[in-house]
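# Topology and contacts: notes
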Amino acid sequence: MAKGLTELTTLGPKTPINRTAKNVGLDATTTVYTGTGNDGAASSDTCANWDSSTAFGVFGSTALKQAWTDTGGAPVKCDITRRLYCFEE
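If you're wondering where the values come from, they're calculated on a predicted model, not measured in any experiment.

Before going further, it helps to examine the state of the cysteines. Under the criterion given, the structure shown has one disulfide. The disulfide partner of Cys47 is Cys78, and the gap between their sulfur atoms is 1.9 Å. Disulfide Cys47 to Cys78: torsion about the S-S bond roughly -85 degrees, handedness left-handed. Of this pair, Cys47 sits in helix 2 (residues 47-50) while Cys78 is found in the loop between strand 4 (76-77) and strand 5 (83-84), placing the two residues 31 residues apart along the sequence. As far as burial versus exposure is concerned, Cys47 and Cys78 are alike and both buried.

Structure representation (structure tokens):
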């Protein structure tokens, strides 16, 4: 995917992130909450720290490596269940 967090946030992933932690493939229409913008910087739109369905969050695409963190649209209400990308360096 990337050699580290810096490469991931500056260049993006080498391929779309379209598999679960258990290596199950995801449908191309799947979207994921990320809490970051396309530049890898933290967003304030994190569904109130992933604790509120009435707050707002940013989401990315599992099908597009250039839109993995943020699809470019306005933050959305967190009342839709989505997967969450979580990375540890």
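On to the layout of surface pockets. Considered as a void within the structure, the second largest pocket measures approximately 170 Å³ in volume. Lining of the second largest pocket is provided by Met1, Ile17, Arg19, Thr20, Ala21, Leu26, Val32, Arg83, Leu84, Tyr85, Cys86 and Phe87. Across the lining of the second largest pocket, the residue classes break down as nine nonpolar, one polar and two charged.

This brings us to the environment of Pro13. Position of Pro13 relative to the elements: it lies in the loop between helix 1 (5-11) and strand 1 (31-33). According to the relative accessible area criterion, Pro13 is buried, its value standing at 4%. In sequence terms Pro13 and Thr36 are 23 residues apart; their C-alpha atoms lie 14 Å from each other. Not counting residues up to four positions away in its chain, the partners in contact with Pro13 are Met1, Leu8, Lys65 and Trp68.

Grouped together as the largest cluster of nonpolar side chains are five residues: Leu8, Ile17, Val32, Trp68 and Tyr85. Residues contacting Trp68, with those up to four places away along its chain left out, are Leu8, Gly12, Pro13, Ile17, Val32, Thr34, Gly60, Ser61, Tyr85 and Phe87.

In spatial order, the strands read 3-1-5; together these three strands make up an open sheet with mixed pairing. The outermost strands of the open sheet, each flanked by one partner alone, are strand 3 (59-61) and strand 5.

Our focus in this paragraph is the pattern of salt bridges. Under the defined criterion, the tally for this structure stands at one salt bridge. The residue Glu7 makes a salt bridge to Lys14 at a minimum N-O spacing of 3.8 Å.

Moving on, we get to a nonpolar patch on the surface. A cluster of nonpolar residues, Met1, Leu5 and Phe87, forms a patch on the protein surface that exposes about 270 Å² of accessible area. Its location among the elements puts Met1 in the segment before helix 1.

Summarising the element assignment, Thr34 is placed in the loop between strand 1 and helix 2. Reaching out from Thr34, the side chain makes a polar contact with the backbone oxygen of Thr36 at a distance of 3.3 Å. Contact partners of Thr34, with chain neighbours within four places excluded, come to Trp50, Val58, Phe59, Gly60, Trp68, Thr69 and Tyr85.

Reading guide: rules and limits
- Residues numbered from 1 in each chain as written.
- Predicted model: local features only at pLDDT ≥ 70, side-chain atom pairs only at ≥ 80, totals over all residues.
- Heavy atoms only, no water.
- Disulfide = S-S within 2.5 Å.
- Helix = DSSP H or I, 4+ residues; strand = E, 2+ residues; numbered from the N terminus.
- Buried < 20%, exposed > 50% of the residue type's maximum accessible area, 1.4 Å probe, protein only.
- 1 Å grid on protein atoms, 1.4 Å probe; cavity = no way out; pocket = protein on both sides within 12 Å on 5 of 7 lines; lining within 4 Å.
- Points joined across faces, edges and corners; volume = space filled by probe spheres on them.
- Nonpolar A, V, L, I, M, F, W, Y, C, P; charged D, E, K, R; others polar.
- Contact = heavy atoms within 4.5 Å.
- Core = buried A, V, L, I, M, F, W, Y, C linked by side-chain atoms within 4.5 Å.
- Pairing = 2+ DSSP bridges.
- Salt bridge = Lys/Arg side-chain N within 4 Å of Asp/Glu carboxyl O.
- Patch = residues over 30% accessible without salt bridge, like charges linked within 9 Å, V, L, I, M, F, W, Y side chains within 5 Å.
- Areas by Shrake-Rupley, 256 points an atom, 1.4 Å probe, with all protein chains shown as cover.
- Polar contact = N/O pair within 3.5 Å; in protein donor to acceptor, adjacent residues only side chain to side chain.

Remember that the coordinates give geometry; whether it matters functionally is a separate question.
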